[in-house]
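# Survey of secondary and tertiary structure
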Amino acid sequence: MIAELNIQKQVDSFWNLIQFSDESVQKGLYALFVRKFGSQPVQTLKMDMAIPEKIEKRLNALTTLQKDWDGYGAPEISVKSIENCRSVLATLTYEVVESIEILPTEYGGVQIKKATTNGMVSCNFGDNNMSYYVDQIGKDTIYRSFVPYSDENIAQLKQFIES
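Notes on the structure follow.

Conventions and cut-offs
Residues numbered from 1 in each chain as written. Predicted model: local features only at pLDDT ≥ 70, side-chain atom pairs only at ≥ 80, totals over all residues. Heavy atoms only, no water. Helix = DSSP H or I, 4+ residues; strand = E, 2+ residues; numbered from the N terminus. Buried < 20%, exposed > 50% of the residue type's maximum accessible area, 1.4 Å probe, protein only. Contact = heavy atoms within 4.5 Å. Areas by Shrake-Rupley, 256 points an atom, 1.4 Å probe, with all protein chains shown as cover. Salt bridge = Lys/Arg side-chain N within 4 Å of Asp/Glu carboxyl O. Axes fitted to C-alpha atoms, helices over the stretch in contact; angles between N-to-C directions. Parallel < 35°, antiparallel > 145°, perpendicular 65-115°, else oblique. Left-handed = near helix turned anticlockwise from the far one by under 90°. Nonpolar A, V, L, I, M, F, W, Y, C, P; charged D, E, K, R; others polar. Arc of directions from axis to C-beta. 1 Å grid on protein atoms, 1.4 Å probe; cavity = no way out; pocket = protein on both sides within 12 Å on 5 of 7 lines; lining within 4 Å. Points joined across faces, edges and corners; volume = space filled by probe spheres on them.

A tally of helices and strands in the protein chain yields six helices and five strands. Walking the protein chain from its N terminus toward its C terminus, one meets helices and strands in the order α-α-α-α-α-β-β-β-β-β-α. Within the protein chain, buried positions represent 39% of all 163 residues. For the protein chain, contacts bridging at least 24 residues in sequence account for 51% of all contacts bridging at least 6. A total of about 9,400 Å² of accessible surface is found on the protein chain, and carbon and sulfur atoms cover 53% of it.

In structure tokens form, the structure reads like this:
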């Protein structure tokens with residue numbers, strides 16, 4: 001618990017430092033932070049500023065979708081699923097996030113799609129779990145359904161997205 005509080009203090013100090021910096025400074029500071037402190041729990045990092053503005057606008061736009069937004073009874077998009085998506089996106093490089101497509105799901109979650117050099121990655125974010133598939137050229141498609149948001153699972157997804 002004490003170590004977790006110390007990490008949180010470091011994250012808060014880091015956040016206060018970068019929130020008024022320009023975008024290129026933010027990216028550099030974020031890279032230094034990750035090198036110094038390593039991978040931290042996704043929920044701990046407050047990296048909204050590291051997400052490209054167009055992606056942030058898209059995520060914010062999802063909060064405006066009302067019940068039945070698709071004409072077939074879809075629920076509103078869950079704020080928690082948006083935050084889960086945002087947290088995972090904050091672990092990726094700025095350049096990778098810029099090329100990600102963000103969509104609402106008919107179940108009230110958020111979907112991201114990313115074309116990679118090896119194929120395609122698609123991930124659905126819900127309130128408590130994520131599901132994804134990786135369609136790789138010349139390989140069997142990988143499916144992961146309802147996996148919890150853990151550092152290990154996020155690291156695996158990140159590896160597929162950045163490949």
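On inspection of all chains with the given rule, the structure shows three salt bridges. Where Glu56 meets Arg86, a salt bridge forms, and the shortest distance between an N and an O atom there is 2.5 Å. On the criterion of sequence distance, the pair formed by Glu56 in helix 3 (residues 53-62) and Arg86 in helix 4 (residues 79-89) is long-range, its members being 30 residues apart. Per residue, the accessibility class of Glu56 equals that of Arg86, and both read buried.

Moving on to the packing of helix 3 against helix 4. Interaxial distance between helix 3 and helix 4 falls to 10 Å at its minimum, and their mutual angle equals 165°. By the angle class used here, helix 3 and helix 4 are roughly antiparallel. For the element pair helix 3 and helix 4, the recorded crossing hand is right-handed. Of helix 4, the residues touching helix 3 (which contributes Ile55, Glu56, Leu59, Asn60 and Leu62) are Ile82, Cys85, Arg86 and Leu89. Taken together, the residues that form the contact of helix 3 with helix 4 break down as six nonpolar, one polar and two charged.

Bringing helix 6 (residues 151-161) into the picture now. Within helix 6 the residues assigned to the buried category are Asn153, Ile154, Leu157, Phe160 and Ile161. Angular distribution of buried residues about the axis of helix 6 spans 120°; they occupy a single face of the element. The exposed set on the far side of helix 6, more than 90 degrees from its buried face, consists of Glu152 and Gln159. Tucked inside the fold, the buried residues of helix 6 contact helix 4, helix 5 (94-98), strand 2 (110-116), strand 3 (119-125), strand 4 (129-136) and strand 5 (142-148).

Our next topic: the layout of surface pockets. Size it by volume and the second largest pocket reaches roughly 260 Å³. If you trace the second largest pocket, you find 16 residues lining it, with Tyr107, Asn124, Phe125, Gly126 and Phe146 closest to the centre. Of all elements in the fold, only strand 3 and strand 4 reach the threshold of two or more residues within the lining of the second largest pocket. Take the lining of the second largest pocket: its biggest share by element is three residues, from strand 4. Partitioned by chemical class, the residues of the lining of the second largest pocket number five nonpolar, ten polar and one charged.

That's the geometry; what it means functionally is another story.
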